[in-house]
Structures are given as structure tokens and as C-alpha cells.
Amino acid sequence: MSITLTHFIAVSAVLFSLGLFAILTRRNSVTILMGLELILNAANLNFVAFARFSDTPFRGDVAVLIVIVIAAAETAVALAIFINIFRNFGSIDPNEIKTLKE
Amino acid sequence: MQPQIVINLFLSAVFTPLAGFLISFFIGRKLSKVYYINVIFGGIGLALSLTALYLKLQFFPHENWNHSFEWLAINSAAGSESFSISLSYWVNNLNVIMLTVVNIVAFVVLVYSTDYMHGDPDIHRYFSLISFFVFSMSGLIASPSLMILYIFWELVGFASYKLIGFWRHKDSAAAAQMKAFLMNRVGDMMFFIGILIALIHYKTFDITKIFEYVNQGNLPFGADWGLTLLGIMIFGGAVSKSAQFPLQNWLPDAMEGPTPVSALIHAATMVAAGVYLMIIASPLLNGTAAYVVALIGGISAVYGASVATVQTDIKKIFAYSTISQLGMMFAALGTGSVYFAFFHLVTHAFFKAGLFLTSGSVIHSTHEQDIRKLKSLAAFLPVTTAVYVVFALAICGAPFTSGFVSKEGVVASTILFGLINGNYLIAALMLLTSLFTAYYSVKVWLVVFRKDKADLPAESSHHHEVSDENTAAHSDDDHGEHHHHIHEHGYAIKLPLIVLAVLSVWVLYVLNPIGHADSHYLFPYLTAEKLGSSAPADSLYPYSLSEGPESELKHQAELITPFAATGVTLLGALLAIILFRMKKLTPDPEGKFTRILYNGYYLDYFYTDIISPLAVKFTQLIALFDKYVVDGIVNFMGTLTVWISTAAGIFDKYVVDGAVNFTAWITDKTGFAVRKIQTGKVQDYLLFVVFTLIFLIVLASI
């Protein structure tokens, strides 16, 4: 049994689902950020897998490098936002932040 | 010579008085002598119209110019019938002559008024109204369109009401004004109905087009009675305007106006409008209508002349005299001699204006208009007396006056009418009128002017009793001296009288005063064909003295007339002289027989005691109808509206408002239910997004 594209996509789907689950269920914003990273990596895995199994001359795996860089920058910005949220609300639990309702 | 020159002169003459009116009306109050502008414009108008007359008769004696331009086009909804109202003017021999006559009399009156009305505080109003009056009359003359003619017809009426009531502080003047207005309303309404008959049937206002239709046998309502009705309705307008029986009562009361106004009304403008209308509308008259015209004219002639014989007010004598002279014109018209009707209108305009200005001169000099208190004026007013003699001879129809020539024609027409169809009624009425006319003319001469040696010493005392309130209101303070001696006034009074006297001489109209109508200077210009109207088959022309071929009967009529007319005139004069010798010339107006005449056969009372109460009763009936039927309908409609509104209110409240409220309620409840999912938590929203996305993907993949 060889490893096919389907296996890669299945792993990627599991990764994506886990990340989504983390984002929707965690009570800590940092954990949510970690879930986000999982989703990004699931996408990265897809990029690499499709690049590996595709015959097209355009290699999507380059996009992975850009995503990793942007994820790092995004993490930095997100952490900065968390600090500010903590200063404003005294918590980074997303359930405590309900001002969107208003 | 371009026709346009004549037309332009004519139209300028028509509009010149309007300029005079506007100037003195708007700036008259500020400038004391502005009324001379009206006199100057009157002179310009006269010069223009005389020039137009000369050029027209000299260069274009056979032409009728009729210009019309479309003013308003009306298309009915169906599209099949459309008609246009056009404005138009015409220039022909008849109306150029008429315009000149109007302008001559108007100018003479304007000059005369500068002295007569001198010092009146409202003098600018007087002069502007006179100019307006002349303009209205000129406008009436200038158009063949019945609509425009009717507009100016009413303006003429309006100006005359204003002038009759010129001294508006006098109750009697206000009453006379209202009477003139009311009596004219009756005739004007008939005229208006006539115009509407013509409009409905012929779809045009242009009288020349109506003639064409009638000539083609296209009669109103398709029957001869339609044409009769049309003729009589138009004559109805002329009856009131020209003060004919039975709508004549307003004219004697119109004496409340200033005397020069009376001269204008009686000669050239107001009453002449009626005769002029009938002259231009004469091709519409069929036999029946023409006989009605002649009969009404004859009755009015005898009525006016007989009532004039016992009047004591010098102006009223001439007023009733006007009724009778106009009646003679209508009699001539109705018996077919349109030419003589017009010719008498022209000559009458001059001598009747002259008679009124003469009486104005008498009143101005003596402040008295009761002939019983006036005597021997020849000793004091030589010029006035001399011109009175000329005018009186003219109105009697004495040889070598203009009145002789025209009156012969009128009487001869009626006699010819009698010779042809054996109906001598009109002719008899004319001769009776001549008798009365001679009687009152000679009577005024004997009583007022004749120099009586026996009276002269008593003269000095006589002036002191003259302070009648009815006298024309003279406010000239500079005449305070005149109680001591009566004297002639200045040239402004004398010259107009002399001019009119000259215009009453026969040579201006015909060289041979007993000649045939052909020898009249004006006649060649005024035959029916020249006026552009060939007559319908059953028309008045078979009887006409002035139209158609020569015949034995015409010669006979012309032979009889001078003897008959002059005979009755002499008889009337003789009667006056005999009664004067018997000292019965000025009988008590309250006498048994004279009372009837003095009160004008009680026609005034007929109107005030019978017609007015009937009218009041009728109005009350109408009021009841109004109260119970019209008001009932209105009230019912009101109640109905309230009911409908209540029903609509209920519907509005429960159905319309219910729908709106229900929608609001649904929205409210839905919002209340849905707001719970709006938690404000990012994770919840994200959850919705995820599930919606899954839902959509599932939906898309099915």
C-alpha cells in the first residue's frame, strides 16, 4: 500500500478539524491561537501534497513558506491584541468578551 | 396708393382714443390740465379718420377689406369637429363713414366739454371716460366678428353707465345708471343668445361668413323660423342699446349725466351702436324679422315723439325725441332701406348732438332746464338760438336741411312698403311721428327761445328763481355773476354748435334736396352690394327704396312723400303755434290727458309695479327651490359623505391599520425570538459560520 493524495488530505482534514475544534471550544485565547496554527498547517499540508501529486508546472509549495512567515507575524500581532484585550477586560477568555452584541 | 395705408389709418383712428384714455386716466389726477390731451387725441383721431375716409372713398370705393387671424383653435375630443375663434377687423365704406361720424361728434363734444365741465373736480375722470367711450364705439365699428363686437358692445354700455352716473354723489344719477344697466342687460342677453345661435349652427363668429351660409340656404336649425329667431335675437340687443320700445325707459333717465355726454350717447356712440348693428346684420333679416324691426321702430317713433310733446325738461324732450328718431331708422331698416337708415343715423348724429349741446348751452347759461321757467332766450343767447333753429328745422325735416333729405327717404321707404304690400301701418306711424316732432320742436322754439317783447322787462326777476337742484351741477365759481345777466359762453361752446349746424345743411349730403337717392353723395358707396352682402331670397330688399331696379311704385312713393311728410310737419308746427296763441302750449303735466304722456304711458310703472314684483316673486320661488331642492341635495350629499367617511374610517381603523399593526407585531415577535442567538461571542459566530458553510456545501453537493 503506497501513500496517495487521499491520505495526505485525510491527515490535513483531521488537522483542520482539530484546529477548528480548538478555536470553537477553548476558553483561553492563546489555545485558540494554537488551533489557528493547526488550521494553517492543515492548509500547508494540502499545498505540499497537491504540489507533490500534481503535474502542473506551477509549484504551490512555495506558498507554504509565505504562509509560515505570515503565521509568525500574525501570531505576534495576535499576542499583542491579547495583551490589549487583557488590559481592557481583565481576561482573555473569549466568553467574557461580549461587546459585539451591542 | 396701398390699401394698407387706409387700413393703418383706420386702425390708428380706432386706437387713438384709447391712448387718450390711458394718459388721462393714469396721470389725470396729478395734472390739472391733462384733459386737453383728450381733446388733442380726439382731434388726431378725427384727422386720421377723415383721411382714411377720403382715401377709401377716393381710391378704393369698391373694396371691402376683411382681415382675420386665428386666435384660438379648439379641437374637440372626438377630433372630427374642430373650430377656431378668429379675431378680425374690417374696413369698408360703411364703417369708415361711421367711424368718421363718431369722431366728428366726439371731437365736438370734447371741445365743448372743456368749457362745460370746467372746474369740475373729477374732470379728468370725465374726459378719460369720454375717450374710453369713443374707443369702445370705434372698436365695435372695426370688427365683423360678433364676439369682438359683443365685447365692445358691452364696453360701450359700461362707459355709458359710468358717464350717466358721473355725478355719483347724486342718488338720481346712481339710480339712472342702474336703470340703464338693468334694461340693457335684457337686450344684451338676447343679443348674446343670438350670437350663440349663430355660433352653434355656423361654428363661426364672423358675420360675413354667416351671410354666406345664409345665402347658400343654410339656415339656423334648418328652418326659416331659425333665421327669424336669429334676426329677432340680434335685434333684441339693438332694442335695448338704441332704447326702443319696450326697453326705452333708460334713455330719458340717462339725462342725469352731464349734457355733453347726452349729446354723445344720443348721437354717435351708445344708441347709434344698436342701429349700426342692425345695419351690418341686415342681410340676416328675413321678411318676418324685418317686419318686427319695422314695427318696433314705428311704435318707438310714435311713443318717443308723443311723450316728448308734454315733457317739461328740455333735455327730456330731446331724449324722447331720440327714441323716436331711432325708431324711424329702424322703420326704414325694417322696410328695406338700409341706406336710409344709415343716412338718417348720420344726419341725426349731427343735429341731435347739436340739439343736446344747445340745451347744454342753455343750461350752462341759465342753470335751468325746465322750459316753463325759460323764455325769450333769443335776446340773450343769439348764437345758441340761431343754431337751435337750424337743428330744429333739421329734426322736423324742413327743406334745405340734412334732416329733410334723410327723413324723406325714411318716410318714402315706409310708404313704398305700404304701396307694395298694402300695409300702411308703418307709414302712418312715421307720419304721426313727423307731426309730433314738428310740434315739440316748434314748441321749444316758441317757449324757450322766441323773443317775446312782453316778457323782457320781467326777465331780471326771472333769473333769481332759477336754482333747481336738477340742474347740471356747475361748480364754476367764476360764473357767480351770471345771475344778473344771461350771456353766451366762450368759443369752446359756440364753435361746436356752429360746426354741427353747418353739418346739418343739405348741400353736404346732396345737391338737389328733393332728388332721388342716387343723387346722394354717400349713396354710391353704401348700396347693399358695396357692403358685401347680397340678400337672402326672402329678405327685406324687395321693399327697398334704395336697392333694386327702378319701378313705378318707387316713383309713386317718392312723389307722395314730400307732400305727405311736409304736410304733417306743417300741421304739427301749426298746431304748436295755435296752442301757443291760446296759451295752452305748456299744459300742466299732471293734467288728465297729459299725465299719461308725461309719464311715458306709465311704462316706468309697468316695470316698477308689475315686472319688478313679478321678478321678486319669481326670485322668491327660486329661493324656495334653492332652499329645499338645491340645499336639500347639497345637505344630502353632505350626510352621504359623512356616512361614507365613517365607513371608510372603520375600514381604515380595522383593516388597514390592522394589517400595519399585525406586520409590526410579527416583526416584534420575530426579532425577540431571533435576538437570543446574538450572543456577542466570537466563537458562537464562528460556529454559525462553520455550520452554515457545512450546510451550504452539503446543499451544493446534493
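Reference entry: report on the structure contained in this document. (Residues numbered from 1 in each chain as written. Chains lettered and ligands numbered in written order. Predicted model: local features only at pLDDT ≥ 70, side-chain atom pairs only at ≥ 80, totals over all residues. Heavy atoms only, no water.)

## Let's talk about the overall build of chain B
Rules: Comment: elements are numbered from the N terminus, with helices defined as DSSP H or I runs of at least four residues and strands as E runs of at least two. The classification of residues rests on relative accessible area computed with a 1.4 Å probe and restricted to protein chains. Under 20% of the type maximum is buried, over 50% is exposed, and intermediate values are partly exposed. Working rule for contacts: check all heavy atoms of both residues, and any pair within 4.5 Å makes them a contact. Note on areas: Shrake-Rupley, 1.4 Å probe, and residue coverage restricted to the protein chains presented here.
Counting its regular elements, chain B contains 23 helices and 2 strands. Here chain B, with 702 residues, has 54% of them falling under the buried criterion. For chain B, the proportion of contacts with a sequence separation of at least 24, taken over those separated by at least 6, is 79%. In the structure as shown, chain B presents an accessible area of about 29,700 Å², 69% of it carried by carbon and sulfur atoms.

## Some details on the overall build of chain A
We apply this condition: Note on method: radius of gyration uses C-alpha positions; expected globular size equals 2.2 Å times residues raised to 0.38.
Looking only at helices and strands, chain A has 3 helices and 0 strands in total. Reading chain A from its N terminus to its C terminus gives the helix and strand order α-α-α. Computed over C-alpha atoms, the radius of gyration of chain A comes to 17 Å, more than 25% over the 13 Å expected from 2.2 N^0.38 for 102 residues, which places it beyond the range of a compact globule. Across its three principal axes, chain A shows a C-alpha extent of roughly 50 × 25 × 20 Å. For chain A, buried positions account for 25% of its 102 residues. Here the contacts in chain A between residues at least 6 apart in sequence split such that 57% fall between residues at least 24 apart.

## Brief notes about the packing of aromatic side chains
In plain terms, the rule: Centres within 6.5 Å make a pair out of two Phe, Tyr or Trp rings, where for Trp the six-membered ring is used; the pair is then stacked when the planes are under 30 degrees apart, edge-to-face when over 60, and tilted otherwise. Definition used: whenever NZ (Lys) or CZ (Arg) falls within 6 Å of the ring centre and also within 35 degrees of the ring normal, the charge is taken to sit over that ring.
Enumeration according to the criterion identifies 27 aromatic pairs over all chains in this entry. Residues phenylalanine 135 of chain B and phenylalanine 152 of chain B carry aromatic rings whose centres are separated by 5.6 Å and whose planes lie at 80° to one another, so their mutual orientation is edge-to-face. Taken together, the positions of phenylalanine 135 of chain B in helix H4 (residues 123–142) and phenylalanine 152 of chain B in helix H5 (residues 146–164) put the pair 17 residues apart, joining distant regions of the chain. With respect to burial, phenylalanine 135 of chain B and phenylalanine 152 of chain B carry one shared label: buried. With 5.9 Å between their ring centres and 75° between their planes, phenylalanine 318 of chain B and phenylalanine 356 of chain B make a pair best called edge-to-face. With phenylalanine 318 of chain B in helix H13 (residues 314–334) and phenylalanine 356 of chain B in helix H14 (residues 338–366), this residue pair connects regions lying 38 residues apart in the sequence. Here phenylalanine 318 of chain B and phenylalanine 356 of chain B have matching classes, each one buried. Ring-pair connections join several aromatic residues into one group, and the members of that group are Phe21, Phe25, Phe26, Phe132 and Phe158 of chain B. The ring of phenylalanine 53 of chain A is capped by arginine 52 of chain A, whose NZ or CZ atom sits 5.2 Å from the centre of that ring.

## What about the interface of chain A and chain B?
Keep this limit in mind: Defined in terms of a 1.4 Å probe, buried area is the accessible area two parts forfeit on being brought together, summed over both. Any Lys or Arg side-chain nitrogen located within 4 Å of an Asp or Glu carboxyl oxygen qualifies as a salt bridge. Between N or O atoms, a polar contact is any pair within 3.5 Å; within protein, one atom must be a potential hydrogen donor and the other a potential acceptor, and residues adjacent in sequence are included only when both atoms are from side chains. When residues are sorted by character, Ala, Val, Leu, Ile, Met, Phe, Trp, Tyr, Cys and Pro go into the nonpolar class, Asp, Glu, Lys and Arg into the charged class, and all the rest, Gly among them, into the polar class.
The interface is formed by 12 residues belonging to chain A together with 10 residues belonging to chain B. Of the roughly 920 Å² buried between chain A and chain B on both sides combined, carbon and sulfur atoms contribute 65%. One can count 0 salt bridges joining chain A with chain B. In this assembly, chain A and chain B are joined by 2 residue pairs in polar contact (both at pLDDT 80 or more). Among the elements that make up the side of chain A that touches chain B, the one with the highest residue count is helix H1 (residues 5–25) of chain A (4 residues). Of the residues in the side of chain A that touches chain B, the class split is 7 nonpolar, 2 polar and 3 charged.

## Quick notes on a nonpolar patch on the surface
Definition in use: Patch building starts from residues that exceed 30% relative accessible area and form no salt bridge, then joins like charges within 9 Å and nonpolar side chains (Val, Leu, Ile, Met, Phe, Trp, Tyr) within 5 Å.
A contiguous nonpolar patch, built from Phe618, Leu621, Ile622, Leu624, Phe625, Tyr628, Val629, Val630, Ile633, Val634, Phe636 and Met637 of chain B and spanning about 1,200 Å² of accessible area, is present on the exposed surface. By the secondary structure assignment, isoleucine 622 of chain B is in helix H22 (residues 603–674).

None of the figures reported here should be taken as evidence of function without further support.
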